[in-house]
Amino acid sequence: MKYSDLKVGDTYEKFQVVEDQHVVSFAQITGDKNPVHLDEEYAKNSVFGGRIAHGILLLGYISAVLGMEFPGPGTIYMSQNAKFLKPVYIGEKIKIVIKIVEKDDNKKRAKLSTNIYKESGELAVEGEAMVSLKFL
């Protein structure tokens, strides 16, 4: 996708299942082995009532979309703000929605909304990213 093809308001959606393997691998890579992510018995007795995905893993799914699908290869992540509003459970199917909010033609940058919705349709992660599109 070329920078010139991107328009304010363009939206991209992707569905992703939060797999147990992703959560376990993320915990191993980062060292974040909080039992609410890994131990079903512990998590059942938590405020969440079951195991949940790491919030930063969810942002990783957004990063994958930005770098590989929309806008795609050549996109450079510059910043990300996020609010974690609802837990996302292991095995849950989420919808990632990326929308172009602003374009800066001089710097070839774009501001994007980066939201994740639960299967129920509830907003789980509300975010905003800035990306450089110099290489598109």
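What counts, and at which threshold
- Each chain has its residues counted from 1, running along the sequence as written.
- Reporting in this predicted model follows two pLDDT cut-offs: at least 70 for local features of residues, and 80 or more for side-chain atom pairs to be given and counted; totals over whole chains, interfaces and linings ignore these cut-offs and use all residues.
- Side-chain metrics rest on all non-hydrogen atoms present in the structure, leaving aside hydrogens and water.
- We count a stretch as a helix when DSSP gives it H or I for four or more residues in a row; a strand needs E for two or more, and each element gets its number in order from the N terminus.
- Between buried and exposed lies partly exposed: a residue is buried under 20% and exposed over 50% of the maximum accessible area for its type, with that area taken using a 1.4 Å probe on protein chains only.
- Should any heavy atoms of two residues lie within 4.5 Å, those residues are counted as being in contact.
- Centres within 6.5 Å make a pair out of two Phe, Tyr or Trp rings, where for Trp the six-membered ring is used; the pair is then stacked when the planes are under 30 degrees apart, edge-to-face when over 60, and tilted otherwise.
- The criterion for a charge sitting over a ring is simple: Lys NZ or Arg CZ within 6 Å of the ring centre, and within 35 degrees of the ring normal.
- Along the arc lie the directions from the helix axis toward the C-beta atoms.
- Nonpolar core, defined: a set of buried Ala, Val, Leu, Ile, Met, Phe, Trp, Tyr and Cys residues in which side-chain atoms within 4.5 Å join the residues together.
- A side-chain nitrogen of Lys or Arg and a carboxyl oxygen of Asp or Glu constitute a salt bridge if their distance falls within 4 Å.
- Pairing between strands requires that DSSP locate at least two bridges from one strand to the other.

I tried to follow the side chain of His54 on my own but got confused; where do I start?
Looking at the element boundaries, His54 is found in the loop between helix H3 (40–44) and helix H4 (55–68). Overall, His54 belongs to the buried group, its relative accessible area being 2%. When near neighbours in sequence (up to four residues on either side) are disregarded, His54 contacts Val23, Phe26, Ala27, Asp32 and His37.

Even after reading the chapter, I still don't get the packing of aromatic side chains, so can you show me in this structure?
The description of two aromatic rings rests on the distance between their centres and on the angle between their planes. In this structure the tally under the stated criterion is one aromatic pair. Ring geometry for Tyr12 and Phe70: centres 5.4 Å apart, planes at 5°, overall stacked. Here the residue Tyr12 occupies a position in strand S1 (residues 11–17), and Phe70 occupies one in the loop between H4 and strand S2 (76–84), the gap between them amounting to 58 residues. Here Lys103 stacks its cationic end above the ring of Tyr3, 4.0 Å away from the centre of that ring.

What exactly am I supposed to notice about helix H1 (residues 20–30) here?
Every α-helix carries 3.6 residues per turn, so stepping three or four residues along brings you back to the same face. The complete set of buried residues in H1 reads Val23, Phe26 and Ala27. Seen from one end, H1 has its buried residues packed into an arc of 100°, which puts them on one side. Residues of H1 that are exposed and point more than 90 degrees away from the buried face comprise Gln21, Gln28 and Ile29. Gly31, located one to two residues past H1, shows a positive phi value of around 85°.

Sorry if this is basic, but what is going on with the nonpolar core here?
In this structure, Val18, Leu58, Ile94, Ile96 and Ile98 are the most contacted members of the largest nonpolar core, which totals 27 residues. Secondary structure elements with two or more residues in this core: H1, H4, strand S3 (93–104), strand S4 (109–117) and strand S5 (123–132). Setting aside residues no more than four positions away along its own chain, Val18 makes contact with Val23, Ala53, Leu58, Tyr61, Val88, Tyr89, Ile90, Gly91, Glu92 and Ile94.

Help me out: how do you make sense of the pattern of salt bridges in this one?
Side-chain pairing between opposite charges can occur once the charged atoms of the two side chains come close. Scanning all chains against the criterion turns up six salt bridges. Here Lys14 ties to Glu69 by a salt bridge, and the two come within 2.9 Å at their closest N and O atoms. Taken together, the residues Lys14 in strand S1 and Glu69 in the loop between H4 and S2 connect sequence positions 55 residues apart. The exposure class assigned to Glu69 is partly exposed, which follows from its relative accessible area of 30%. Glu122 serves as the salt-bridge partner of Lys86, at 3.6 Å between the closest nitrogen and oxygen. Taken together, the residues Lys86 in the loop between S2 and S3 and Glu122 in the loop between S4 and S5 connect sequence positions 36 residues apart. Residue classification places Lys86 among the partly exposed positions, given a relative accessible area of 38%.

I keep staring at the pairing of S4 and nothing clicks. Help me out?
In summary, the side chains of a regular strand alternate between the two faces of the sheet. Bridge count for S3 against S4 is nine bridges, and the pairing is antiparallel. Looking at S4, one finds that Ile100 is bridged to Leu112. Linking S3 to S4, which pair antiparallel, is a turn of four residues; within it Lys108 sits at a positive phi near 55°. Where S4 and S5 come together, seven bridges link them in antiparallel fashion.

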